[in-house]
Amino acid sequence: MSDRLSTLPGVTDPLEIGGSGTPASPADPEGVPPPERRPLALSASRAADFRQCPLLYRLKAIDRIPEPKTRAQVLGTVVHSVLEDLYALEQSERAPERAAELVPAAVEHFYAVGGGAEVVPLSARAEFQTEVAALVSALYGVEDPRRFSPAACEQYLVTSTASGTPLHGYLDRVDVAPTGEVRVVDYKTGKPPHPRYQTQAMFQMRFYALMYQQIHGVMPAQLKLIYLRNGSWLTLSPDLAMLVETETELDSLWAEIERAGETGIFPPRTSRLCDWCNHQALCPAFGGTPPEYPGWPGRRVIPLDPGTPDAGHAGPMST
C-alpha cells in the first residue's frame, strides 16, 4: 500500500520521496548526526511550490521542515492504495463489490501502520471509511476497471531534460492500448479546479508526459486527470511542441531554483494560498524568521542515456 501524501491544499497527489521530513540541521544535543543531505531533483509538486512561493520551496525541499498530515492528504493516500490493490487483481475480479471489500483492509493499514488516529480520531473512523468507499466507487462512473489492465500503477520515474534538469515523480497509472497508444492517468480526491485553473492543473500531467517520453521514447497519446469526488475528468492530448515548451519551462524554472539555492535568497510570495500554509511562523511576510540557511545541497546528476543504471527508473531522490 502507498504511503505517499500530497501537501497541496484541496487536491491529493502521491508525495514525491523526500518532499518533507527531518530538517537538515546540525547534530542534536545528544550527538545524533543530521540525516544525509541528498542532491535535489524537480518534481511537479515542488515546481508548483516554487512558483507559488520560493520560500515555501526552500522550507520543504532544502530545510525539509516537517508538515503535519491532514485528513484530506491521508484520505487521498488510502484511496490511492485501494485503487492500486484493485488493479493488482485479475481483470475479471475488479467488480464494484470487490473494490468495496478492499476498503476496510486499507483503512486498517492506515490506522495500524500509518498512525491514522493522529489525523483521523477513532471516533471518526467509520465516517472516514465511508468516504473512502464512496470515492473508490466513483471510479466506476468514469471507467470500468474490468475492461482493461494497466501497464503500470504507482510507477516511479526519474530522468532529466536534454539540458540536465533532473526530474522525477510518481505516475498513478499508465495504460497502453493494444495498438500501442499510451495514456497517463492521475487520480484526484479533491474538488475539480475552476475552469480558469484547468491549465494550471494539467501542468503536472505535462510534466509526467515529458518524463515518460524522455524515458520510453513514446509520447503519451492522452493525459487524463480523474476527479473522483464528482466523477469528472480532464484530458489533454500532448504534441511535440507542447513537450518542447514544457521542457523549456522546466529548464528555466530549475535555473531560477539553482540561482536561489546558491545565493540562499528565497523570497516569500504572498497569495490567498498563504491561508493553507503550515509555515507562517517562519515567514517574514507574517512576522516570522526562517531558520538559518543550510546551504544548497546541489542537483542530482542523471545520465541522459536511459540504458545506464542510474537513469530511467533509478532509485528515489529528494525533491
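The rules behind these values
Residues numbered from 1 in each chain as written. Predicted model: local features only at pLDDT ≥ 70, side-chain atom pairs only at ≥ 80, totals over all residues. Heavy atoms only, no water. Helix = DSSP H or I, 4+ residues; strand = E, 2+ residues; numbered from the N terminus. Contact = heavy atoms within 4.5 Å. Areas by Shrake-Rupley, 256 points an atom, 1.4 Å probe, with all protein chains shown as cover. Phe/Tyr/Trp six-rings, centres within 6.5 Å; stacked < 30°, edge-to-face > 60°. Buried < 20%, exposed > 50% of the residue type's maximum accessible area, 1.4 Å probe, protein only. Lys NZ or Arg CZ within 6 Å of the ring centre and 35° of its normal. Salt bridge = Lys/Arg side-chain N within 4 Å of Asp/Glu carboxyl O. Lys, Arg positive; Asp, Glu negative; His and termini not counted. Polar contact = N/O pair within 3.5 Å; in protein donor to acceptor, adjacent residues only side chain to side chain. Pairing = 2+ DSSP bridges. Axes fitted to C-alpha atoms, helices over the stretch in contact; angles between N-to-C directions. pLDDT = per-residue confidence, 0-100. Expected span 1.5 Å × (residues − 1). Arc of directions from axis to C-beta.

Within an unreviewed UniProt entry, the label attached to the protein chain reads RecB family exonuclease, and the organism entered is Dietzia cercidiphylli.

Peer 1: Which parts of the structure should I look at to understand the overall build of the protein chain?
Peer 2: The secondary structure content of the protein chain amounts to eight helices and five strands. Helices (α) and strands (β) of the protein chain occur, in sequence order from the N terminus, as α-α-α-α-α-β-β-β-α-α-β-β-α. Of all intrachain contacts in the protein chain linking residues separated by at least 6 positions in sequence, the fraction that spans at least 24 positions is 71%. Taken as a whole, the protein chain presents about 14600 Å² of accessible surface, with 54% of it coming from carbon and sulfur.

Peer 1: Would you take a moment to explain the packing of aromatic side chains for this structure?
Peer 2: What describes a pair of aromatic rings is the distance from one ring centre to the other and the angle between the planes of the rings. With the rule as written, the count across this model stands at 10 aromatic pairs. Considering the side-chain rings of Tyr57 and Phe266, the 6.4 Å spacing of their centres and the 20° angle between planes classify their relative orientation as stacked. Here Phe266 lies in the segment after α8 (240-263) and Tyr57 lies in helix α2 (residues 54-62), a separation of 209 residues in the sequence. In terms of burial, Tyr57 and Phe266 fall into one category: buried. Between Tyr156 and Tyr170, the ring centres sit 5.1 Å apart and the planes meet at 55°, which makes this aromatic pair tilted. A residue pair is termed long-range when its members are at least 10 positions apart, and Tyr156 in strand β1 (residues 152-160) and Tyr170 in strand β2 (residues 166-176) qualify at 14 residues. Taken together through their ring pairs, the aromatic side chains of Phe50, Tyr57, Phe266 and Tyr293 make up a single cluster. Against the face of Phe203 rests Arg51, its NZ or CZ located 4.3 Å from the ring centre. Sitting above the plane of the Trp233 ring, Lys224 keeps its charged end 5.3 Å from the centroid.

Peer 1: Got a minute to help me understand the pattern of salt bridges in this structure?
Peer 2: Oppositely charged side chains can pair when the atoms bearing their charge come close. In the structure shown here, the tally under the stated rule is 16 salt bridges. Measuring nitrogen to oxygen at the nearest pair gives 3.0 Å for the salt bridge that ties Asp144 to Arg146. Here Arg183 and Asp175 are joined by a salt bridge, their closest N and O atoms 2.9 Å apart. Residue Asp175 is classed as buried on the basis of its relative accessible area of 6%. One salt-bridge network, in which partners are shared between bridges, spans Glu143, Arg173, Asp175, Arg183 and Lys224.

Peer 1: Help me understand the side chain of Arg94, please; the structure alone is not making it clear to me.
Peer 2: As for its position among the elements, Arg94 is in the loop between α3 (71-88) and α4 (96-112). Buried and unpaired, Arg94 has no salt bridge, with Glu90 as the nearest side chain of opposite charge at 6.6 Å. A distance of 3.3 Å separates a polar atom in the side chain of Arg94 from the backbone oxygen of Tyr87. Those residues within four positions of Arg94 in sequence are excluded, and the remaining contacts are Leu86, Tyr87, Leu89, Tyr140, Pro145, Arg146, Phe148, Ser149 and Pro150.

Peer 1: Got a minute to help me understand the sheet that holds β1 in this structure?
Peer 2: As a general point, the strands of a sheet are linked pairwise by backbone hydrogen bonds and lie either parallel or antiparallel. Strands sit in the order β1-β2-β3-β4-β5 across an open sheet of five strands; the sheet is mixed. Sheet topology places β1 and β5 (232-236) at the edges, where each strand pairs with a single neighbour. Going across the sheet, the axis of each strand differs from the next one's by a mean of 35°, ignoring polarity. By the bridge criterion, six bridges tie strand β3 (residues 182-188) to strand β4 (residues 222-227) in an arrangement that is parallel. Looking across to β4, one finds that Val184 is bridged to Leu223. Contacting β1, β2 and β3, α3 runs over the sheet at an angle of about 105° to β1. Strand contacts of helix α7 (residues 203-216): β1, β2, β3, β4 and β5, with the helix running at about 90° to β2, the strand carrying the most contacts.

Peer 1: Quick question: what am I supposed to make of the confidence of the model for the protein chain here?
Peer 2: If pLDDT is low for a region, its predicted coordinates should not be looked at in detail. Mean pLDDT over the protein chain works out to 87, with 84% of the residues at or above the 70 mark. The model gives residues 1-31 a pLDDT under 50, and that stretch makes 107 contacts with residues more than four places away or in other chains.

Peer 1: Please explain helix α5 (residues 125-138) as it appears in this structure.
Peer 2: Residues spaced three or four apart along an α-helix face the same direction, because each turn holds 3.6 residues. Between the first and last C-alpha of α5 there are 20 Å, a value that for 14 residues agrees with the 20 Å anticipated at 1.5 Å per step. Among the residues of α5, Phe128, Glu131, Val132, Leu135, Val136 and Ala138 are the ones counted as buried. Viewed along the axis of α5, the buried residues span an arc of 160°, placing them on a single side of the element. In α5, the exposed positions angled more than 90 degrees off the buried face are occupied by Ala126 and Thr130. Along its buried surface, α5 packs onto α3 and α4.

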